[in-house]
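Residue-level structural notes
What follows is the residue order along each chain.
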Amino acid sequence: MRSSYLFYVLILGVALVMIWIVKESFTQPGIKDLEIDFEEMAFYRNENNTGPVIRVYAVYATDTLWNSLEQYGDYMPHTKYGNTKVFFFIDRAKTPSETFPKAPYFSEEYQQYCVGSYEKSAMGGVKFTRFPFINY
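This structure is a prediction, so every number in the text was calculated from the model and none was measured.

Definitions and cut-offs
Residues numbered from 1 in each chain as written. Predicted model: local features only at pLDDT ≥ 70, side-chain atom pairs only at ≥ 80, totals over all residues. Heavy atoms only, no water. Phe/Tyr/Trp six-rings, centres within 6.5 Å; stacked < 30°, edge-to-face > 60°. Helix = DSSP H or I, 4+ residues; strand = E, 2+ residues; numbered from the N terminus. Buried < 20%, exposed > 50% of the residue type's maximum accessible area, 1.4 Å probe, protein only. UniProt positions renumbered as here; feature names shortened; annotations may be inferred. Contact = heavy atoms within 4.5 Å. Pairing = 2+ DSSP bridges. Axes fitted to C-alpha atoms, helices over the stretch in contact; angles between N-to-C directions. Salt bridge = Lys/Arg side-chain N within 4 Å of Asp/Glu carboxyl O. Core = buried A, V, L, I, M, F, W, Y, C linked by side-chain atoms within 4.5 Å. Patch = residues over 30% accessible without salt bridge, like charges linked within 9 Å, V, L, I, M, F, W, Y side chains within 5 Å. Areas by Shrake-Rupley, 256 points an atom, 1.4 Å probe, with all protein chains shown as cover.

Focus on the packing of aromatic side chains
How two aromatic rings sit relative to each other is set out by the distance from centre to centre and by the angle between their planes. Overall, the coordinates contain 13 aromatic pairs when judged by the stated rule. Consider the rings of Phe87 and Phe106, whose centres lie 5.1 Å apart with planes at 75°: the pair is edge-to-face. On the criterion of sequence distance, the pair formed by Phe87 in strand β3 (residues 83-89) and Phe106 in the loop between β3 and β4 (114-120) is long-range, its members being 19 residues apart. We note that Phe87, like Phe106, is buried.

Pasting the structure below:
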């Protein structure tokens, strides 16, 4: 009798742990939880799957809450030894519709409208810059 009681307690414990794991898996924070809205306007990814993967995004953001912009960059996909660059714009009409793998990454006419850039390097280092194309 005692062994069956122990068996059911263990089964209940395992079931509770599994329910907790599934709940945590589906309630992770994401882009939708940020304070401002984002819209990806342009994206480039090279076809190289054996070497460094380069990703370049041009993103329209409804505001310049710097923490939200940096968190958005943190949520973007990154490949080990790859490079991810995200450029933020607050005017939808002045956001590039095409990005390129090499600098300046988009047409130079849009540089004055870029309010922030986020870069995650090959070794995982993060660099966030406000107004990256303005020379002080």
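Regarding the UniProt feature "transmembrane region" (unreviewed entry) in the protein
Following the UniProt record, the feature "transmembrane region" (unreviewed entry) maps to residues 6-22 here. Secondary structure content for residues 6-22 is 100% helix and 0% strand, and the end C-alpha separation is 24 Å.

Brief notes about the environment of Phe133
With respect to the helices and strands, Phe133 occurs in the segment after β5 (126-130). Expressed as a C-alpha distance, the spacing of Phe133 and Pro104, which sit 29 residues apart in the sequence, is 9.8 Å. Beyond its immediate chain neighbours, meaning those up to four positions away, Phe133 contacts Phe87, Phe106, Gln111 and Cys114.

Some points on the sheet that holds strand β1 (residues 38-45)
Backbone hydrogen bonds are what pair the strands of a sheet, in a parallel or an antiparallel way. If you walk across this open sheet you meet the five strands as β1-β2-β3-β4-β5, and the pairing is mixed. On the outer flanks of this sheet lie β1 and β5, each paired with one strand and no other. The mean angle between the axes of side-by-side strands here comes to 15°, regardless of whether they run parallel or antiparallel. Pairing geometry for β4 and β5, over five bridges, is antiparallel. In the strand pairing of β5, Glu119 is matched with Lys127. Packing of helix α2 (residues 66-75) onto the sheet brings it into contact with β1, β2 (54-61), β3, β4 and β5, and relative to β5 it is tilted by some 145°.

Here we look at the environment of Val9
On the secondary structure map, Val9 appears in helix α1 (residues 2-26). Residue classification places Val9 among the partly exposed positions, given a relative accessible area of 39%. Along the chain, Val9 and Tyr105 lie 96 residues apart, while their C-alpha atoms are 59 Å from each other.

Description of the pattern of salt bridges
Under the criterion given, the structure shown has four salt bridges. For the salt bridge of Lys23 with Glu24, the shortest nitrogen-to-oxygen distance reads 3.6 Å. Lys23 sits in the partly exposed class, given a relative accessible area of 47%. Here Glu24 falls in the partly exposed class, since its relative accessible area comes to 32%.

Considerations on the nonpolar core
It is characteristic of soluble globular proteins that their nonpolar side chains tend to be buried jointly. Within the largest apolar cluster, 15 residues are counted, with the highest numbers of intra-cluster contacts made by Phe38, Val59, Leu69, Tyr72, Val86, Phe88 and Phe128. Residue assignment for this core shows that the elements contributing at least two residues are β2, α2, β3 and β4. Residues in contact with Phe88, not counting those within four places in the same chain, are Phe38, Val59, Leu69, Tyr72, Gly73, Tyr113, Cys114, Val115, Gly116, Ser117, Tyr118 and Phe128.

Quick look at a nonpolar patch on the surface
Taken together, Phe7, Tyr8 and Ile11 make up a surface patch of nonpolar side chains, about 360 Å² in accessible area. Within the secondary structure, Phe7 sits in helix α1.

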